[in-house]
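For reference, the chains in residue letters:
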Amino acid sequence: MADWINRFGLTGKTAFVTGASSGIGMCICEVFADAGAAIVATGRSIEALTALQTRIVEQGGDCAVFTADLTTAEGARSAADQALKAAPQIDILVNSAGVALTGPLPDITASDWDTTMAVNLNAPFWIAQALAPGMIDRGHGKIINISSQTGVVALQDHAAYTASKGGLNAMTKALMVELAPHNIQVNAICPTVVMTQMGRELWSAPERQDPFLARTPLGRFGEPVEIADLALYLASPASNLVNGAIMMIEGGYSSI
(Lines give C-alpha, C1' and ligand atoms only; values in the text may rest on other atoms or scores of the structure.)
Protein backbone atom coordinates (compact mmCIF):
# COMPACT_ATOMS: atom_id res chain seq x y z
CA MET A 1 0.00 0.00 0.00
CA ALA A 2 1.29 3.45 -0.89
CA ASP A 3 2.46 5.37 2.17
CA TRP A 4 0.25 8.37 1.43
CA ILE A 5 -2.79 6.14 1.85
CA ASN A 6 -1.64 5.27 5.36
CA ARG A 7 -1.01 8.93 6.19
CA PHE A 8 -4.51 9.91 5.11
CA GLY A 9 -6.25 6.74 6.29
CA LEU A 10 -8.01 5.79 9.54
CA THR A 11 -7.47 2.03 9.67
CA GLY A 12 -7.40 0.84 13.26
CA LYS A 13 -9.00 4.02 14.61
CA THR A 14 -12.42 4.51 16.19
CA ALA A 15 -14.36 7.73 15.67
CA PHE A 16 -17.28 9.01 17.72
CA VAL A 17 -19.46 11.38 15.68
CA THR A 18 -22.38 13.39 17.05
CA GLY A 19 -25.14 14.74 14.85
CA ALA A 20 -24.76 11.64 12.69
CA SER A 21 -28.39 11.05 11.79
CA SER A 22 -28.33 13.71 9.07
CA GLY A 23 -26.27 16.16 7.06
CA ILE A 24 -22.60 16.74 7.68
CA GLY A 25 -22.35 14.31 10.59
CA MET A 26 -23.80 11.44 8.58
CA CYS A 27 -21.48 12.15 5.67
CA ILE A 28 -18.46 12.26 8.00
CA CYS A 29 -19.37 8.81 9.29
CA GLU A 30 -19.54 7.42 5.77
CA VAL A 31 -16.26 9.01 4.67
CA PHE A 32 -14.44 7.93 7.85
CA ALA A 33 -15.75 4.37 7.50
CA ASP A 34 -14.57 4.31 3.89
CA ALA A 35 -11.13 5.38 5.17
CA GLY A 36 -11.03 2.41 7.54
CA ALA A 37 -12.34 3.77 10.85
CA ALA A 38 -14.78 2.00 13.13
CA ILE A 39 -17.70 4.34 13.76
CA VAL A 40 -19.72 5.14 16.85
CA ALA A 41 -22.55 7.45 15.80
CA THR A 42 -25.21 9.32 17.70
CA GLY A 43 -28.06 11.60 16.68
CA ARG A 44 -31.75 12.18 17.18
CA SER A 45 -33.28 9.76 14.66
CA ILE A 46 -32.78 6.06 15.35
CA GLU A 47 -34.26 5.25 11.93
CA ALA A 48 -31.64 7.36 10.14
CA LEU A 49 -28.86 6.03 12.36
CA THR A 50 -29.89 2.44 11.74
CA ALA A 51 -29.91 3.06 7.99
CA LEU A 52 -26.41 4.58 8.28
CA GLN A 53 -25.24 1.57 10.27
CA THR A 54 -26.63 -0.81 7.66
CA ARG A 55 -24.85 0.98 4.81
CA ILE A 56 -21.51 0.95 6.63
CA VAL A 57 -21.77 -2.71 7.69
CA GLU A 58 -22.82 -3.81 4.19
CA GLN A 59 -19.63 -2.23 2.88
CA GLY A 60 -17.53 -4.18 5.36
CA GLY A 61 -17.27 -1.54 8.07
CA ASP A 62 -17.97 -1.44 11.78
CA CYS A 63 -20.63 0.91 13.15
CA ALA A 64 -22.48 1.23 16.46
CA VAL A 65 -25.35 3.71 16.83
CA PHE A 66 -27.53 5.17 19.56
CA THR A 67 -29.71 8.23 20.08
CA ALA A 68 -28.82 11.04 22.45
CA ASP A 69 -30.21 14.31 23.78
CA LEU A 70 -27.44 16.90 23.83
CA THR A 71 -29.55 19.76 25.20
CA THR A 72 -28.38 19.11 28.76
CA ALA A 73 -25.02 18.45 30.40
CA GLU A 74 -26.37 15.16 31.68
CA GLY A 75 -27.42 14.13 28.18
CA ALA A 76 -24.04 15.02 26.70
CA ARG A 77 -22.17 13.13 29.41
CA SER A 78 -24.48 10.15 28.92
CA ALA A 79 -23.70 10.20 25.19
CA ALA A 80 -19.98 10.04 25.96
CA ASP A 81 -20.56 7.17 28.40
CA GLN A 82 -22.54 5.24 25.78
CA ALA A 83 -19.80 5.82 23.22
CA LEU A 84 -17.23 4.37 25.61
CA LYS A 85 -19.43 1.34 26.21
CA ALA A 86 -19.72 0.80 22.47
CA ALA A 87 -15.98 1.22 21.90
CA PRO A 88 -13.76 1.66 24.97
CA GLN A 89 -11.07 3.35 22.85
CA ILE A 90 -12.24 6.53 21.10
CA ASP A 91 -9.39 7.91 19.01
CA ILE A 92 -11.32 10.63 17.18
CA LEU A 93 -14.15 12.84 18.42
CA VAL A 94 -16.18 14.82 15.90
CA ASN A 95 -18.61 17.27 17.49
CA SER A 96 -20.97 17.73 14.55
CA ALA A 97 -24.37 18.06 16.26
CA GLY A 98 -25.80 21.53 15.94
CA VAL A 99 -28.96 23.60 15.83
CA ALA A 100 -29.66 26.83 13.97
CA LEU A 101 -32.45 28.79 15.67
CA THR A 102 -32.22 32.04 13.76
CA GLY A 103 -34.21 35.26 13.61
CA PRO A 104 -34.06 38.98 14.35
CA LEU A 105 -32.88 40.04 17.78
CA PRO A 106 -36.40 40.82 19.14
CA ASP A 107 -37.64 37.37 18.15
CA ILE A 108 -35.01 35.23 19.89
CA THR A 109 -36.46 33.60 22.99
CA ALA A 110 -34.64 32.45 26.10
CA SER A 111 -35.37 28.89 25.02
CA ASP A 112 -33.84 29.52 21.57
CA TRP A 113 -30.70 30.97 23.15
CA ASP A 114 -30.32 28.25 25.78
CA THR A 115 -30.90 25.39 23.31
CA THR A 116 -28.40 26.86 20.85
CA MET A 117 -25.71 27.19 23.51
CA ALA A 118 -26.47 23.76 24.98
CA VAL A 119 -26.11 21.84 21.71
CA ASN A 120 -23.56 23.94 19.79
CA LEU A 121 -21.20 24.89 22.62
CA ASN A 122 -21.86 23.10 25.89
CA ALA A 123 -22.22 19.56 24.55
CA PRO A 124 -18.85 19.59 22.72
CA PHE A 125 -17.20 20.65 25.98
CA TRP A 126 -18.81 17.96 28.14
CA ILE A 127 -18.13 15.23 25.60
CA ALA A 128 -14.50 16.30 25.14
CA GLN A 129 -14.10 16.40 28.93
CA ALA A 130 -15.30 12.79 29.13
CA LEU A 131 -13.23 11.41 26.24
CA ALA A 132 -9.98 13.36 26.61
CA PRO A 133 -8.67 11.33 29.58
CA GLY A 134 -8.56 8.18 27.47
CA MET A 135 -6.74 10.04 24.71
CA ILE A 136 -4.27 11.39 27.27
CA ASP A 137 -3.62 7.89 28.62
CA ARG A 138 -2.89 6.59 25.10
CA GLY A 139 -0.81 9.60 24.10
CA HIS A 140 -2.78 10.50 20.99
CA GLY A 141 -6.17 11.74 19.86
CA LYS A 142 -8.10 14.01 17.53
CA ILE A 143 -10.95 16.37 18.42
CA ILE A 144 -12.72 18.06 15.51
CA ASN A 145 -15.39 20.67 16.17
CA ILE A 146 -17.79 21.47 13.33
CA SER A 147 -18.20 25.20 13.70
CA SER A 148 -19.31 27.77 11.11
CA GLN A 149 -18.03 30.72 9.16
CA THR A 150 -20.44 32.72 11.29
CA GLY A 151 -18.14 32.03 14.22
CA VAL A 152 -15.66 34.32 12.45
CA VAL A 153 -17.77 36.56 10.20
CA ALA A 154 -21.10 37.89 11.48
CA LEU A 155 -24.33 37.07 9.69
CA GLN A 156 -27.60 38.94 10.05
CA ASP A 157 -30.35 37.28 12.15
CA HIS A 158 -27.86 34.73 13.55
CA ALA A 159 -26.98 36.28 16.93
CA ALA A 160 -27.41 33.13 19.04
CA TYR A 161 -25.89 30.84 16.41
CA THR A 162 -22.93 33.18 15.84
CA ALA A 163 -22.28 33.47 19.57
CA SER A 164 -22.30 29.69 19.98
CA LYS A 165 -19.92 29.10 17.08
CA GLY A 166 -17.60 31.93 18.12
CA GLY A 167 -17.47 30.34 21.55
CA LEU A 168 -16.78 26.95 19.99
CA ASN A 169 -13.83 28.39 18.08
CA ALA A 170 -12.41 29.96 21.24
CA MET A 171 -12.91 26.71 23.15
CA THR A 172 -11.12 24.82 20.38
CA LYS A 173 -8.01 26.92 20.92
CA ALA A 174 -8.21 26.65 24.70
CA LEU A 175 -8.51 22.86 24.59
CA MET A 176 -5.63 22.73 22.12
CA VAL A 177 -3.32 24.49 24.59
CA GLU A 178 -4.26 22.06 27.34
CA LEU A 179 -4.16 18.87 25.28
CA ALA A 180 -1.31 19.47 22.81
CA PRO A 181 1.38 18.26 25.28
CA HIS A 182 -0.40 14.88 25.19
CA ASN A 183 -0.20 14.66 21.36
CA ILE A 184 -3.90 15.47 20.95
CA GLN A 185 -4.87 17.75 18.09
CA VAL A 186 -7.95 19.96 18.50
CA ASN A 187 -9.23 21.86 15.46
CA ALA A 188 -12.41 23.49 14.18
CA ILE A 189 -13.97 23.48 10.72
CA CYS A 190 -15.92 26.59 9.72
CA PRO A 191 -18.11 25.88 6.68
CA THR A 192 -20.23 28.16 4.60
CA VAL A 193 -23.87 27.19 4.12
CA VAL A 194 -23.88 23.48 3.29
CA MET A 195 -26.58 21.89 1.17
CA THR A 196 -27.90 19.52 3.79
CA GLN A 197 -31.65 19.25 4.32
CA MET A 198 -31.41 22.06 6.89
CA GLY A 199 -29.30 24.16 4.52
CA ARG A 200 -31.79 23.78 1.71
CA GLU A 201 -34.71 24.65 3.98
CA LEU A 202 -33.04 27.83 5.24
CA TRP A 203 -31.26 29.04 2.11
CA SER A 204 -33.13 27.91 -1.01
CA ALA A 205 -35.15 31.11 -1.40
CA PRO A 206 -33.47 33.32 -4.04
CA GLU A 207 -34.00 36.48 -1.99
CA ARG A 208 -31.93 34.93 0.77
CA GLN A 209 -29.25 33.01 -1.09
CA ASP A 210 -28.53 35.44 -3.92
CA PRO A 211 -27.04 38.26 -1.79
CA PHE A 212 -24.98 35.71 0.17
CA LEU A 213 -23.60 34.06 -2.95
CA ALA A 214 -22.87 37.45 -4.49
CA ARG A 215 -20.40 38.00 -1.64
CA THR A 216 -18.83 34.57 -2.06
CA PRO A 217 -16.00 34.57 -4.63
CA LEU A 218 -16.57 30.92 -5.54
CA GLY A 219 -20.27 31.69 -6.05
CA ARG A 220 -21.77 28.57 -4.52
CA PHE A 221 -22.62 26.83 -1.26
CA GLY A 222 -20.85 23.72 0.05
CA GLU A 223 -21.69 20.03 -0.16
CA PRO A 224 -21.53 17.72 2.87
CA VAL A 225 -18.76 15.57 1.38
CA GLU A 226 -16.49 18.63 1.09
CA ILE A 227 -16.73 19.18 4.84
CA ALA A 228 -16.31 15.46 5.48
CA ASP A 229 -13.14 15.37 3.37
CA LEU A 230 -11.61 18.18 5.42
CA ALA A 231 -12.61 16.34 8.59
CA LEU A 232 -10.90 13.23 7.23
CA TYR A 233 -7.66 15.17 6.80
CA LEU A 234 -7.89 16.51 10.36
CA ALA A 235 -8.62 13.02 11.70
CA SER A 236 -5.73 11.41 9.86
CA PRO A 237 -2.00 11.28 10.69
CA ALA A 238 -1.39 13.65 7.77
CA SER A 239 -2.57 16.57 9.93
CA ASN A 240 -0.56 15.82 13.07
CA LEU A 241 1.10 19.25 13.01
CA VAL A 242 -2.23 21.07 12.60
CA ASN A 243 -3.45 22.17 16.02
CA GLY A 244 -5.77 24.92 17.19
CA ALA A 245 -6.69 25.76 13.61
CA ILE A 246 -9.95 27.50 12.77
CA MET A 247 -10.24 26.21 9.22
CA MET A 248 -12.45 28.21 6.88
CA ILE A 249 -14.14 26.28 4.07
CA GLU A 250 -16.45 28.88 2.60
CA GLY A 251 -15.51 29.68 -0.98
CA GLY A 252 -13.51 32.76 -0.03
CA TYR A 253 -16.33 34.64 1.74
CA SER A 254 -14.18 35.79 4.65
CA SER A 255 -11.24 36.88 2.48
CA ILE A 256 -12.89 39.96 0.98
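Structure first, text after, so check above.
Residues numbered from 1 in each chain as written. Predicted model: local features only at pLDDT ≥ 70, side-chain atom pairs only at ≥ 80, totals over all residues. Heavy atoms only, no water.

### Some words on unusual backbone geometry
Then step 1. With phi around 70 degrees, Asp157 is a residue other than glycine that occupies positive phi space.
Then step 2. In this structure, Asp157 sits in the loop between strand E5 (141–146) and helix H6 (159–179).
Then step 3. On the basis of relative accessible area, Asp157 is assigned to the partly exposed category, the value being 33%.
Then step 4. Even without being a glycine, Asn183 presents a positive backbone phi close to 65 degrees.
Then step 5. Of note, Asn183 is situated in the loop between H6 and strand E6 (184–191).
Then step 6. Owing to a relative accessible area of 39%, Asn183 belongs among the partly exposed residues under this scheme. (Helix = DSSP H or I, 4+ residues; strand = E, 2+ residues; numbered from the N terminus. Buried < 20%, exposed > 50% of the residue type's maximum accessible area, 1.4 Å probe, protein only.)

### Section: the environment of Phe212
Then step 1. Tracing the backbone shows Phe212 in helix H8 (residues 206–214).
Then step 2. Given a relative accessible area of 5%, Phe212 falls into the buried group.
Then step 3. Distance in space between the C-alpha atoms of Phe212 and Thr192 is 10.0 Å, their sequence separation being 20 residues.

### A closer look at the nonpolar core
Soluble globular proteins tend to pack their nonpolar side chains together in the buried interior.
Then step 1. By size, the foremost hydrophobic cluster in this structure holds 37 residues, and its most contacted members are Ile28, Phe32 and Ile39.
Then step 2. Breaking this core down by element, the ones donating at least two residues are strand E1 (14–17), helix H2 (23–34), strand E2 (38–43), helix H3 (46–58), strand E3 (63–67), strand E4 (92–95), E5 and helix H9 (224–235).
Then step 3. With 8 residues, the top contributor of residues to this core is H2.
Then step 4. Ignoring anything within four residues of it in the chain, the contact list for Phe32 reads Leu10, Ala15, Ala37, Ile39, Ile92, Val94, Ala228, Ala231, Leu232 and Ala235.
Then step 5. The next biggest cluster of nonpolar side chains, apart from the first, holds 31 residues, and it includes Phe66, Ala83, Ala87 and Met171. (Core = buried A, V, L, I, M, F, W, Y, C linked by side-chain atoms within 4.5 Å. Contact = heavy atoms within 4.5 Å.)

### Notes on the packing of H2 against H9
Then step 1. Where H2 contacts H9, the two axes come as close as 8 Å, and the packing angle between them is 55 degrees. Comparing their axes, H9 and H2 come out oblique. Relative to H9, H2 is oriented so that their crossing is right-handed. Each of Gly23, Ile24, Cys27, Ile28, Val31 and Phe32 in H2 lies in contact with H9, whose residues at this interface are Pro224, Val225, Ile227, Ala228, Asp229, Ala231, Leu232 and Ala235. (Axes fitted to C-alpha atoms, helices over the stretch in contact; angles between N-to-C directions. Parallel < 35°, antiparallel > 145°, perpendicular 65-115°, else oblique. Left-handed = near helix turned anticlockwise from the far one by under 90°.)

### Points about helix H5 (residues 110–138)
Think of an α-helix as 3.6 residues a turn; residues three or four steps apart then line up on the same face.
Then step 1. In a regular helix each residue adds 1.5 Å, so 29 residues correspond to 42 Å; H5 covers 41 Å between its end C-alpha atoms and thus fits that length.
Then step 2. Its axis deflected by about 45 degrees at Asn122, H5 carries its strongest bend there, up to four residues before the proline Pro124.
Then step 3. Residue Gly139 follows H5 closely and has a positive phi angle near 80 degrees. (Expected span 1.5 Å × (residues − 1). Bend = angle between axes of the 7 residues up to and from the residue.)

### Points about the packing of aromatic side chains
Then step 1. In total, this model carries 7 aromatic pairs according to the counting rule given.
Then step 2. On the basis of an interplanar angle of 55 degrees and a centroid distance of 5.6 Å, the ring pair of Phe212 and Phe221 is categorised as tilted.
Then step 3. Ring centres 4.8 Å apart and planes at 25 degrees place the aromatic pair Phe212 and Tyr253 in the stacked group. Separated by 41 residues along the polypeptide, Phe212 in helix H8 and Tyr253 in the segment after strand E7 (246–249) bring together distant segments of the chain. (Phe/Tyr/Trp six-rings, centres within 6.5 Å; stacked < 30°, edge-to-face > 60°.)

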